[in-house]
Amino acid sequence: MSRALILILLLVGLIVASPPHKYTKKKGGKGHHYWNATENDALYTWEQAEGYLECEEFLNFPNLGQETKDLKLDERGYVRKQGKPRALEHMCPTRDCVPDVNSTEESPGCGFKRRTLKSGNWTTTNINLGRVDWFRDAYKRLAPYRGGEGNSLKTRIGMGVPIITKWYLDANYTVISATMSFYVPSLYQKNPPASLNKDVRVEQWDEVVTYSRTWGGTRDDVEYWPQSAKQFDYLSEALSREDLKWYSYLRLTGSYIGRKEVMLADRDIVVREIKEKGPDSRVESE
């Protein structure tokens, strides 16, 4: 599957999956479904919201005195076409974020965030890439586990963030399979309930170092979903500049309300895991 086809799947699947997010909390609404974008923009700089210092070569042209109406300018005077991503500091106090997803770990260069994500339990289902509504299909399969009817406790346990999609590539860098995963909330991490759906499994993920980039906006933005491929290109370029090695046959995307991320995993850690546990049929050995 080509990168262009991946983008088409992302675009169609995510638009079909749900109506556009609402960006201000409404009276009587469930708090985690809404967030105040204006407050986020006022409280956090672009560097704080993204979690790293952006490389100048990845930024759009600087505002050289032209009319600023309708332009989004960052603190360095560069034009930003997309909205500012929701800062993790704005989100994690009210959501069950994956441990260390909001790490203050310093990145060795510009253009990416380096994080060590702790080992933890996730609920996972395979994605049917042959479906146009693949996102909705996988999401609906996972939802009963968090809602209670799909877990052995028969109790609503909720979910953590982000939702992570893993894309497995073959030696030709063609997508051969994908999975979607919800993070099991901290209250149930040590002893997660069993899944009652044979197509939903509880997995324990090993600790892993990841490198990520983020962007914001809404699903209505014309250039929103095509950002994924461009952000992966920027990420690999930034890592190459710092001589950092990533695992080539696995790509990850993280989804939050108001924030999307692309991630690559540290090569040595993934290779070591393959050697210790044996090769996964979906994962190439480097």
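Draft legend 1. Examining the sheet that holds strand 10 (residues 259-265) more closely. Strands sit in the order 3-8-10-9-5-6-4-7 across an open sheet of eight strands; the sheet is antiparallel. For this open sheet the edge positions go to strand 3 (113-117) and strand 7 (201-205), each flanked by a neighbour on one side alone. Across the sheet, the mean angle from the axis of one strand to that of its neighbour is 35 degrees, orientation sign disregarded. With five bridges joining them, strand 4 (residues 120-126) and strand 6 (residues 175-183) adopt antiparallel strand pairing. Directly across from W122, in strand 6, lies its bridge partner Y183. Sitting on the sheet, helix 5 (residues 134-147) touches strand 4, strand 5 (160-169), strand 6 and strand 7, and the angle it makes with strand 6 is about 35 degrees.

Draft legend 2. The arrangement of empty space enclosed by the protein in detail. Within this structure, the stated rule accounts for two cavities of 30 Å³ or more. In this model, the second largest cavity occupies a volume close to 30 Å³. If you go around the second largest cavity, the residues you meet are V98, V101, R115, L117, P162, I164, Y256 and M263. Residue assignment for the lining of the second largest cavity shows that the elements contributing at least two residues are strand 3 and strand 5. Split into classes, the residues belonging to the lining of the second largest cavity amount to seven nonpolar, no polar and one charged.

Draft legend 3. Looking closely at the state of the cysteines. Applying the stated criterion across every chain, the model contains two disulfides. Disulfide pairing is shown between C55 and C110; the S-S distance is 2.0 Å. Residues C55 and C110 share a disulfide whose torsion about the S-S bond is about 100 degrees; that sign makes it right-handed. Taken together, the residues span a long stretch of sequence, with C55 in the loop between helix 3 (46-50) and strand 1 (72-73) and C110 in the loop between helix 4 (88-91) and strand 3 at a distance of 55 residues. Residue C55 is classed as buried on the basis of its relative accessible area, which comes to 1%. Between the sulfur atoms of C92 and its disulfide partner C97 the distance amounts to 2.1 Å. Disulfide C92 to C97: torsion about the S-S bond roughly -95 degrees, handedness left-handed. Look at C92 and you get buried, because its relative accessible area is 17%.

Draft legend 4. Summary view of the side chain of K166. As for its position among the elements, K166 is in strand 5. One buried charged residue, K166, forms no salt bridge at all, with the nearest opposite charge on E203 at 5.5 Å. Discounting chain neighbours no more than four positions away, the residues touching K166 are S177, A178, T179, W205, L250, R251 and L252.

Conventions we followed
- Residues numbered from 1 in each chain as written.
- Predicted model: local features only at pLDDT ≥ 70, side-chain atom pairs only at ≥ 80, totals over all residues.
- Heavy atoms only, no water.
- Pairing = 2+ DSSP bridges.
- Helix = DSSP H or I, 4+ residues; strand = E, 2+ residues; numbered from the N terminus.
- Axes fitted to C-alpha atoms, helices over the stretch in contact; angles between N-to-C directions.
- Contact = heavy atoms within 4.5 Å.
- 1 Å grid on protein atoms, 1.4 Å probe; cavity = no way out; pocket = protein on both sides within 12 Å on 5 of 7 lines; lining within 4 Å.
- Points joined across faces, edges and corners; volume = space filled by probe spheres on them.
- Nonpolar A, V, L, I, M, F, W, Y, C, P; charged D, E, K, R; others polar.
- Disulfide = S-S within 2.5 Å.
- Buried < 20%, exposed > 50% of the residue type's maximum accessible area, 1.4 Å probe, protein only.
- Lys, Arg positive; Asp, Glu negative; His and termini not counted.
- Salt bridge = Lys/Arg side-chain N within 4 Å of Asp/Glu carboxyl O.

Keep in mind that these numbers describe shape and distance, not what the molecule does.
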